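Here is how the chains run, residue by residue.
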Amino acid sequence: MADVKHKIKLLNMFRLNPDKFLPVADHAWKVFPEEDPGTEWYDDTEVNLGWDAGLLEPDRPYFMECWATCGITMLTYFVSTRGIEDASTEDLVRMLTDAHLFRLLDPENPRTSVMKFEDDTGNEFYSINVTAGIEDDLYVEGGACYPFGPLNEYNERKMKGEKPDDGKRKDE
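Parameters and conventions
Residues numbered from 1 in each chain as written. Predicted model: local features only at pLDDT ≥ 70, side-chain atom pairs only at ≥ 80, totals over all residues. Heavy atoms only, no water. Salt bridge = Lys/Arg side-chain N within 4 Å of Asp/Glu carboxyl O. Helix = DSSP H or I, 4+ residues; strand = E, 2+ residues; numbered from the N terminus. Buried < 20%, exposed > 50% of the residue type's maximum accessible area, 1.4 Å probe, protein only. Core = buried A, V, L, I, M, F, W, Y, C linked by side-chain atoms within 4.5 Å. Contact = heavy atoms within 4.5 Å. Pairing = 2+ DSSP bridges. Expected span 1.5 Å × (residues − 1). Arc of directions from axis to C-beta.

Visitor: How should the pattern of salt bridges be read in this particular structure?
Guide: For side chains bearing opposite charge, pairing can occur when the charged atoms are close. If you walk through the whole model with that rule in mind, you get four salt bridges. In this structure, Asp52 engages Lys7 in a salt bridge whose closest nitrogen and oxygen atoms are separated by 3.0 Å. Placement of the pair is Asp52 in strand β1 (residues 47–57) and Lys7 in helix α1 (residues 2–16), with a sequence separation of 45 residues. Given the relative accessible area of 12%, Lys7 is considered buried. Measuring nitrogen to oxygen at the nearest pair gives 3.2 Å for the salt bridge that ties Asp91 to Arg94. Of this pair, Asp91 and Arg94 are both found in helix α2 (residues 89–98), three residues apart, which corresponds to roughly one turn of the helix. Classification of Asp91 by relative accessible area gives partly exposed; the value is 33%.

Laid out in structure tokens, this is it:
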């Protein structure tokens, strides 16, 4: 649980210090549905599995969503395009693997795609999609994936105007 709280503190630091960090597409005001996929989720149901966040460079945060649909598990990394507007898919995947966020099991066939998008505040981001696996076939290993529950709780409290749990114990 300490790692999750540390990651939430990082997100909050990125959000509160826009002068020190490039923008982060972390869905600050979003609550992810916590669906129980049961045994019949192979249809078109999208299941949110987890998230991660951190820094790729001293000022470049990333936010990752892990999700699955139709037997395919994906890692989607959101990274600001600022300063790397012309990066290739290979450059971006190398940035993620050099940061040890995951390891491609077959580097010659990375199963990745990239698209650009603009958030509600006009910031442009890369959406770097990495196929982690299809059914029982695994294409990447390593990396972290935290449950959405604590992040949802944090975001819900922020949306209600309440002070979110900062990770400190009450008796400290």
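Visitor: I'm lost on the environment of Val47 in this one. Help?
Guide: Relative to the assigned elements, Val47 resides in strand β1. A sequence separation of 26 residues divides Val47 from Thr73, and the C-alpha atoms of the two residues are 9.3 Å apart.

Visitor: Looking at this structure, I do not really get the nonpolar core. What am I missing?
Guide: Within soluble globular proteins, side chains that are nonpolar tend to cluster in buried spots. In this structure, Leu75, Tyr77, Phe102 and Ile128 are the most contacted members of the largest nonpolar core, which totals 20 residues. Where this core is concerned, the elements lending two or more residues are β2 (60–69), β3 (72–80), α2 and β6 (124–134). Ignoring any residue separated from it by four or fewer positions in sequence, one finds Ile128 in contact with Leu75, Thr76, Tyr77, Val79, Leu92, Val93, Leu96, Ser113 and Val114. In this structure, Val4, Ile8, Phe21 and Ala25 belong to the second largest nonpolar core, which totals 18 residues.

Visitor: Where do I start with the pairing of β3 in this structure?
Guide: Consecutive side chains along a regular strand alternate between the two faces of the sheet. Among the nine residues of β3, seven are classified as buried, and the element is accordingly described as predominantly covered. With eight bridges joining them, β2 and β3 adopt antiparallel strand pairing. By the bridge assignment, Met64 is partnered in β3 with Tyr77. Hairpin geometry of β2 and β3 is characterised by an intervening segment of two residues between the two adjacent antiparallel strands and by a positive phi of about 50 degrees at Cys70. As paired strands, β3 and β6 are joined by nine bridges and run antiparallel to one another. Of the residues in β6, the one forming a bridge with Met74 is Thr131.

Visitor: Explanation requested: helix α3 (residues 148–159) in the structure shown.
Guide: Since there are 3.6 residues in each turn of an α-helix, residues three or four apart along the chain are aligned in direction. Over its twelve residues, α3 extends 16 Å from the first C-alpha to the last, a length consistent with the 16 Å expected when each residue adds 1.5 Å. Every buried residue belonging to α3 is among Phe148, Leu151, Asn152, Tyr154 and Asn155, and all of these are buried. Looking straight down α3, one finds that the buried residues subtend no more than 165 degrees of arc, so they occupy a single side. Two residues or fewer past α3, Gly161 is found with a positive phi of approximately 85 degrees.

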